[in-house]
Each structure stands twice: as structure tokens, then as C-alpha cells.
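Per-entry structural report
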Amino acid sequence: MRDEIAKAKATYLAGMRVRLVKMDDIQAPPIGTEGTVRGVDDIGSVMVAWDNGSGLNVVLGEDEIEVVK
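Residues numbered from 1 in each chain as written. Predicted model: local features only at pLDDT ≥ 70, side-chain atom pairs only at ≥ 80, totals over all residues. Heavy atoms only, no water.

Points about the overall build of the protein
- Summing up its helical and strand segments, the protein has 1 helix and 5 strands in all.
- Along the chain direction, N to C, the helices and strands of the protein fall in the order α-β-β-β-β-β.
- For a compact globule of 69 residues, the expected C-alpha radius of gyration is about 11 Å, and the protein comes in at 11 Å, within 12% of that figure.
- Oriented by its inertia axes, the alpha-carbon framework of the protein measures out at about 30 × 25 × 15 Å.
- Residue burial in the protein is summarised as follows: out of 69 residues, 32% are buried.
- Long-range contacts, defined here as pairs at least 24 residues apart, represent 41% of the contacts in the protein between residues at least 6 apart.
- Here the protein displays about 4,400 Å² of accessible surface, and carbon together with sulfur accounts for 51% of that area. (Helix = DSSP H or I, 4+ residues; strand = E, 2+ residues; numbered from the N terminus. Rg over C-alpha atoms; globule rule 2.2 N^0.38 Å. Buried < 20%, exposed > 50% of the residue type's maximum accessible area, 1.4 Å probe, protein only. Contact = heavy atoms within 4.5 Å. Areas by Shrake-Rupley, 256 points an atom, 1.4 Å probe, with all protein chains shown as cover.)

See below:
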């Protein structure tokens, strides 16, 4: 698990732009919503400031995001 968290922290850097591909949560932003990564917490969730104002974290392995080029 530590290796996965380290990989997430190296992959999703603060300031990086991402797009939501999949999130199974009633409060999830709409698919396709973009946001800015704030960081990765100690349990491996990607903290995102979504453009629609949501602050719902991305749980890697459950949810899916892609980096916006």
C-alpha cells in the first residue's frame, strides 16, 4: 500500500489539471468535470478542487481521473 501511495504522490502533483472519468458517489461532480489537484493525502486519495466548486476526493482504485494535457 505504501508503494501505491508513493506512486500516487509522484503522479498527481499539486497544480496539475485532471478530468473526472468515473466516480460512483451520489455527490460526485458530473463526468467530464475538470479540476486542479491540491495533493495526495496519506491514505492515497487525490485531493481535487473541482471547477464546479466540489472538493470531493478521488479514491484511486475506485474512482478514475485522467490528466488534462
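After that view, the rundown keeps rolling.
Some words on the environment of Ser 54
- Along the chain, Ser 54 falls in the loop between β3 (45-50) and β4 (58-59).
- Sequence-wise, Ser 54 and Met 16 are 38 residues apart; in three dimensions their C-alpha atoms are separated by 16 Å.
- Those residues in contact with Ser 54 that lie beyond four places of it in its chain are Pro 29, Val 48 and Ala 49.

Observations regarding the environment of Gly 53
- With respect to the secondary-structure elements, Gly 53 resides in the loop between β3 and β4.
- Judged by relative accessible area, Gly 53 falls into the exposed class, the value being 65%.
- Sequence separation between Gly 53 and Pro 29 is 24 residues, and the spatial gap between their C-alpha atoms is 9.0 Å.

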